[in-house]
Amino acid sequence: CEFAHAMGNSTGNYADWWELFASLPYAQGGFIWDWADQGLHQTDPKTGKHFWAYGGDFECKQHDAQFCINGLVFPDRTPHPALHEVKHV
């Protein structure tokens, strides 16, 4: 069962799910979508600042918006805040 989609703060109920899976011997879980963000390292030519490019950053008309940046770690594998809650549970 995928019970935590890591987009935004959707791992906020992770402890409740974990208790359920621990209490039922026939249930399994712990599957989180997504582990890592899928973004490409880019540099803003105006400011020189680094950012993770995705979706409409490449001037495409159809894209998945922020649905590529929805993991527990950034593309360089530094943690999102939600990873700390998952680790705590």
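Preceding this section is the structure that the text describes.
Below: a short report on this structure. As the structure is a computational prediction, the values presented were derived from the model and not from experiment.

## Things to note about helix H2 (residues 81–88)
Then, number 1: Burial in H2 covers these residues: Ala82, Leu83 and Val86. All buried residues of H2 project into a common sector of 105 degrees when viewed along the axis, lining one side. H2 presents Pro81, His84, Lys87 and His88 as exposed residues on the side facing more than 90 degrees away from its buried surface.
Then, number 2: The elements touched by buried residues of H2 are helix H1 (14–23) and strand S2 (31–33).

## A look at the environment of Asp57
Then, number 1: Counting through the fold element by element, Asp57 comes out in the loop between strand S4 (50–53) and H2.
Then, number 2: Look at Asp57 and you get partly exposed, because its relative accessible area is 41%.
Then, number 3: Asp57 sits 17 residues away from Leu40 along the chain, and the two C-alpha atoms are 10.0 Å apart.
Then, number 4: Each residue touching Asp57, except ones within four places of it in the same chain, is listed here: Phe51 and Trp52.
Then, number 5: A polar contact is formed between the side chain of Asp57 and the backbone nitrogen of Tyr54, at a distance of 2.8 Å.

## Regarding the nonpolar core
Then, number 1: Ranked by size, the top nonpolar core spans seven residues in total: Tyr14, Ala36, Leu72, Val73, Ala82, Leu83 and Val86.
Then, number 2: The biggest single contributor to this core is H2, with three residues.

## Considering the pairing of S4
Then, number 1: Bridge analysis of strand S3 (residues 40–43) against S4 gives four bridges, and the strand direction is antiparallel. In the sheet register, Thr43 faces S4, and the bridge partner there is His50.
Then, number 2: Taken together, S3 and the strand that follows it, S4, pair antiparallel across an intervening segment of six residues, in which Gly48 is found at a positive phi of about 75 degrees.

## Considering the side chain of His80
Then, number 1: Assignment of secondary structure puts His80 in the loop between S4 and H2.
Then, number 2: Looking at His80, the relative accessible area reads 14%, which means it is buried.
Then, number 3: Within the structure, the side chain of His80 is placed 2.7 Å from the side chain of Asp37, a separation counted as a polar contact.
Then, number 4: Excluding residues within four positions of it along the chain, His80 makes contact with Asp37, Gly71, Leu72, Val73 and Phe74.

Definitions and cut-offs
- Residues numbered from 1 in each chain as written.
- Predicted model: local features only at pLDDT ≥ 70, side-chain atom pairs only at ≥ 80, totals over all residues.
- Heavy atoms only, no water.
- Buried < 20%, exposed > 50% of the residue type's maximum accessible area, 1.4 Å probe, protein only.
- Helix = DSSP H or I, 4+ residues; strand = E, 2+ residues; numbered from the N terminus.
- Arc of directions from axis to C-beta.
- Contact = heavy atoms within 4.5 Å.
- Polar contact = N/O pair within 3.5 Å; in protein donor to acceptor, adjacent residues only side chain to side chain.
- Core = buried A, V, L, I, M, F, W, Y, C linked by side-chain atoms within 4.5 Å.
- Pairing = 2+ DSSP bridges.

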